[in-house]
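Chain and residue survey
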Amino acid sequence: MKKSVLVLGLAALFFASCGEKKKDELKKEVETPVEEVKEVATEPAKGPAEYLVLGEKLFTEKTCATCHQADTKVIGPSIKEISKVYAENNANIVAFLKGETPAIVDTDPGQVAIMKANLDGFVKDLTSEEIAALAVYMASIK
C-alpha cells in the first residue's frame, strides 16, 4: 500500500511538473516580442508655397468659391474683405474656420446661419494643416 501511494504521489508530481513546463512553453510561444522603435519617420513640414497651393485647391474643392470670390461679394464677403477685416482686427481665421470664434466680417444672423451650415458641412472634416492652408491662401488674396 505504501508503494502504491508513493508511486501515485510520484506520478502526480511528474504530471504536475509536466503541466507547468507545457504552460511555460505555451506562454513563450504566445508572447510577442516587443521591439523598440528607434527612429520615427515624419513627413517634412510644408513650406508657404505648398500651403498656398493646397489652400487654393481646398478652397475650390470644398466649394468655398461658390460664396466667396477674390474681390467681389457674391453670397458671402469677398476674400479680400475677409482678409482685410481679419488683419485689421488681428483676428485668427483658423479659429473661426474651426468654429472656435464668432464671425467678424458679416455678422448678419441669416448670413451667419448659412455660413455655419457650410462650415459644418465642408470644413469640419479638414485637418488642422488643411485649415491652415486655407488661411494662407485667403491671406494671399490682397
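All of the points below concern the structure found in this document. Worth saying up front: this structure is predicted, and the values here are computed from it rather than measured.

With respect to unusual backbone geometry
Residues other than glycine seldom take positive phi values, yet Thr63 does so here, at roughly 60 degrees. Looking at the element boundaries, Thr63 is found in the loop between helix 2 (48-61) and helix 3 (79-88). Given a relative accessible area of 32%, Thr63 falls into the partly exposed group. The residue Asn90 is not glycine, and still its phi comes out positive at about 50 degrees. Positionally, Asn90 belongs in the loop between helix 3 and helix 4 (93-97). For Asn90, a relative accessible area of 73% gives the class exposed.

Structural notes on the pattern of salt bridges
According to the stated counting rule, one finds four salt bridges in the structure shown. Where Glu61 meets Lys57, a salt bridge forms, and the shortest distance between an N and an O atom there is 3.8 Å. Placement of the pair is Glu61 and Lys57 together in helix 2, with a separation of four residues, close to one helical turn. Lys57 sits in the partly exposed class, given a relative accessible area of 48%. Linking Lys73 and Asp106 is a salt bridge whose minimum nitrogen-to-oxygen distance equals 3.5 Å. Placement of Lys73 in the loop between helix 2 and helix 3 and of Asp106 in the loop between helix 4 and helix 5 (109-123) is noted, with a sequence separation of 33 residues between them.

What counts and how
Residues numbered from 1 in each chain as written. Predicted model: local features only at pLDDT ≥ 70, side-chain atom pairs only at ≥ 80, totals over all residues. Heavy atoms only, no water. Helix = DSSP H or I, 4+ residues; strand = E, 2+ residues; numbered from the N terminus. Buried < 20%, exposed > 50% of the residue type's maximum accessible area, 1.4 Å probe, protein only. Salt bridge = Lys/Arg side-chain N within 4 Å of Asp/Glu carboxyl O.

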